[in-house]
Amino acid sequence: MELMISQKIRLKLSEKKPPVTEDEIIQCFSNRDGHFLEDNREYHQSDPPTRWFIAETDYGIKLKVVFIFYPGRGVAIRTAYAPNDDEIRIYNKYGYEKL
């Protein structure tokens, strides 16, 4: 499966404080232990749906990764950044529920 990151998103990730790299995003996908959550806010609606999760890099840096999965094509990254306390709380509550 291909990880797709546009030039616009790469620039956005490089301007984050701290910057987020493609390797860190890949590490988060590998280290994820919860479920993908769907972003159901009206402004973030997409087809296919926008999904997100929180995981740590290999160095223990916690990131929220937001993406769209395109069947047969791959995963398009929308953004990734250090999550705030509310996002962590939401993920801890819903990201580990039994499906």
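This structure is a prediction, so every number in the text was calculated from the model and none was measured.

1. Some remarks on the packing of aromatic side chains
1) Next: In the structure shown here, the tally under the stated rule is eight aromatic pairs.
2) Next: Centroid distance Tyr91 to Tyr96: 5.5 Å. Interplanar angle 70 degrees. Geometry classified as edge-to-face.
3) Next: Relative accessible area serves as the criterion here: at 1%, Tyr91 is assigned to the buried category.
4) Next: Judged by its relative accessible area of 39%, Tyr96 is partly exposed.
5) Next: Here a set of aromatic residues connected by ring pairs shows up, and it is made of Phe29, Phe36, Phe53 and Phe67.
6) Next: Over the ring of Phe36 we find Arg32; its NZ or CZ atom is 3.9 Å from the centre of that ring.

2. Some words on the environment of Thr79
1) Next: Relative to the elements of secondary structure, Thr79 occurs in strand S5 (residues 74–81).
2) Next: By relative accessible area, which is 10% here, Thr79 ends up buried.
3) Next: For the pair Thr79 and Ile9, spaced 70 residues apart in the sequence, the C-alpha separation amounts to 6.8 Å.
4) Next: Not counting residues up to four positions away in its chain, the partners in contact with Thr79 are Lys12, Leu13, Lys16, Lys64, Val65 and Val66.

Conventions we followed
- Residues numbered from 1 in each chain as written.
- Predicted model: local features only at pLDDT ≥ 70, side-chain atom pairs only at ≥ 80, totals over all residues.
- Heavy atoms only, no water.
- Phe/Tyr/Trp six-rings, centres within 6.5 Å; stacked < 30°, edge-to-face > 60°.
- Buried < 20%, exposed > 50% of the residue type's maximum accessible area, 1.4 Å probe, protein only.
- Lys NZ or Arg CZ within 6 Å of the ring centre and 35° of its normal.
- Helix = DSSP H or I, 4+ residues; strand = E, 2+ residues; numbered from the N terminus.
- Contact = heavy atoms within 4.5 Å.

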